[in-house]
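Given next are the chains, with one letter for each unit.
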Amino acid sequence: MEVEKTLIDGLLILHPHVFRDNRGCFFESYNEKVFHQLGLSVHFVQENQSISAKNVVRGLHLQAPPFAQGKLVRVVKGAAVDFAVDIRKNSPTYGKYVSVLLTEENHTQFWIPEGFAHGFVAKEDDTTFVYKTTNFYDKSSEMAIRWNDKTLHIDWQVEHPIVSEKDAQNIDFVDFISPF
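So, here's what we can say about the structure. Small disclaimer: the values here were computed from a predicted structure and weren't measured.

**Examining the overall build of the chain**
- Check the secondary structure of the chain and you find 2 helices and 14 strands.
- Computed over C-alpha atoms, the radius of gyration of the chain comes to 16 Å, within 12% of the 16 Å expected from 2.2 N^0.38 for 180 residues, which places it in the range of a compact globule.
- Expressed as lengths along the three principal axes of its C-alpha atoms, the size of the chain is roughly 50 × 40 × 30 Å.
- In the chain, of all internal contacts separated by at least 6 residues, the share reaching a separation of at least 24 is 79%.
- A total of about 9700 Å² of accessible surface is found on the chain, and carbon and sulfur atoms cover 50% of it.
- Both charge centroids of the chain, one from 18 positive and one from 24 negative side chains, sit 1 Å from each other.

**Concerning empty space enclosed by the protein**
- All chains considered together, the criterion is met by 1 cavity of 30 Å³ or more.
- Space inside the largest cavity adds up to approximately 50 Å³.
- For the largest cavity, the full set of lining residues is Ser29, Glu47, Leu72, Val73, Arg74, Gln109, Val130, Tyr131 and Lys132.
- Elements that contribute at least two residues to the lining of the largest cavity include exactly strand S7 (71-77) and strand S12 (127-133).
- For the lining of the largest cavity, the class distribution of residues is 4 nonpolar, 2 polar and 3 charged.

**Concerning the side chain of Asp86**
- By the element assignment, Asp86 lies in strand S8 (residues 79-86).
- The contacts of Asp86, once residues within four sequence positions are left out, are Ile8, Ser91, Thr93, Tyr94, Gly95, Lys96, Gly115 and Phe116.

Conventions and cut-offs
Residues numbered from 1 in each chain as written. Predicted model: local features only at pLDDT ≥ 70, side-chain atom pairs only at ≥ 80, totals over all residues. Heavy atoms only, no water. Helix = DSSP H or I, 4+ residues; strand = E, 2+ residues; numbered from the N terminus. Rg over C-alpha atoms; globule rule 2.2 N^0.38 Å. Contact = heavy atoms within 4.5 Å. Areas by Shrake-Rupley, 256 points an atom, 1.4 Å probe, with all protein chains shown as cover. Lys, Arg positive; Asp, Glu negative; His and termini not counted. Charge placed at Lys NZ, Arg CZ, Asp CG, Glu CD. 1 Å grid on protein atoms, 1.4 Å probe; cavity = no way out; pocket = protein on both sides within 12 Å on 5 of 7 lines; lining within 4 Å. Points joined across faces, edges and corners; volume = space filled by probe spheres on them. Nonpolar A, V, L, I, M, F, W, Y, C, P; charged D, E, K, R; others polar.

That's the geometry; what it means functionally is another story.
Have a look at this one:
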């Protein structure tokens, strides 16, 4: 697996080695040894999947401690642009983000540790997004930032976004009080 560091400390883009032949392909989507070699001691406890129509925007979501989650995300069908916003108060990159194109063809994965808000936009119909988490979902710990917040300057790369009523009502970043 090739590991690409980003401009924000902690966020990693993972490119698995894909073995192809006339039958299709094979790759390791997760290997605990590789994570340990990267200095990441993670234990995944839950795996989630969503299926989205083209132009669906989900985010920017997070869970507060003690239910904060690290996430290993990937797309198994279709394509999505994935976003992670640094919400660690003492970080030099607080309020900055990284985006990654995840597709069924590139098999790229994105490691998002605790301390980041997360969202994505589906670029194709029936985009299937899968992610492992390091903590269980807890509704009372759920937090979110408005997906199109003006101060974050996120280019969602979508002209006609489809957003849930819940996500449309999230708070602005300037009103967000980070628990990290």
